[in-house]
Amino acid sequence: MKNIVLFASGSGSNVENIVQFFQDKPNVTIAGVLTNKRDAKVLDRCNKLNINGLYFNKHAFYETDCVLRILESIKPDLIVLAGFLWKIPEKLIQKYPNKIINIHPALLPKYGGKGMYGMRVHKAVKKDRASETGITIHYVNENYDEGAIIHQAKTKVLPEDTPEIIASKVQLLEYEHFPKIIEQLLA
Ligand code: GAR
């Protein structure tokens, strides 16, 4: 039996997609979803999906061992950042080497780093008139979006694509690839 913990900060559509993917796979359990936003939509999704959802604040995350203790009690095989926007404290990275992964909505190393998330990324892609974009699934290290790349997938950007259209193309890639890569890493 493998255990996953998910971290999310917002809507949680990737969380929902991952939960649904593993629903009929009895050897993988989604132990819970941790969020840094009290009113994040992901918590509503957790309620609907019957998944544990837990909120923590900045103090708990950076100044205490609260999240570490929760993780220690779960003993996750993989920690998955699915739209989680805070930097992971070093003690967590040290405790779980090569066990924390993130998805970024662009082809890193392009359009990464602090402040590059969600629609900001897609607006930057549009502004650059890039002809392609995509997703990057990577290990998490001390620096934003710099850990070793596990998987990338690309999609074309047409000159007439708005940032919203780019976002929906990228989202499709996320839904298709992220659960499969998680499954592979757990195998
Ligand atoms: C996803 O597109 C994910 O790649 C992105 O946030 C979105 C979350 O959507 N993550 C980042 O930008 C991290 N730098 P969701 O809450 O609907 O899953």
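Everything here concerns the structure above.
Residues numbered from 1 in each chain as written. Predicted model: local features only at pLDDT ≥ 70, side-chain atom pairs only at ≥ 80, totals over all residues. Heavy atoms only, no water.

A. Fine view of the overall build of the protein. Helix and strand content of the protein: 7 helices and 7 strands. Along the protein, helices and strands appear, N-terminal first, in the series β-α-β-α-β-α-α-β-α-β-α-β-β-α. By the compact-globule yardstick of 16 Å for 187 residues, the protein fits well, its C-alpha radius of gyration being 16 Å. Looking at the protein as a whole, 49% of its 187 residues qualify as buried. Considering only contacts within the protein whose residues lie at least 6 apart along the sequence, 68% involve residues at least 24 apart. Across the protein, the centroid of the 25 positively charged side chains sits 2 Å from that of the 20 negatively charged ones. (Helix = DSSP H or I, 4+ residues; strand = E, 2+ residues; numbered from the N terminus. Rg over C-alpha atoms; globule rule 2.2 N^0.38 Å. Buried < 20%, exposed > 50% of the residue type's maximum accessible area, 1.4 Å probe, protein only. Contact = heavy atoms within 4.5 Å. Lys, Arg positive; Asp, Glu negative; His and termini not counted. Charge placed at Lys NZ, Arg CZ, Asp CG, Glu CD.)

B. Representation of the pairing of strand S2 (residues 28–35) in the model. The buried fraction of S2 is high, at 7 of 8 residues. As a crossover connection, the stretch from strand S1 (residues 2–8) through helix H1 (residues 13–23) into S2 is right-handed. Note that S2 and strand S3 (residues 53–55) share 3 bridges and pair parallel. Counted as the bridge partner of Thr-35 is Tyr-55 from S3. Handedness of the crossover joining S2 and S3 through helix H2 (residues 41–49) is recorded here as right-handed. (Right-handed = clockwise from strand over helix to strand, strands pointing away. Pairing = 2+ DSSP bridges.)

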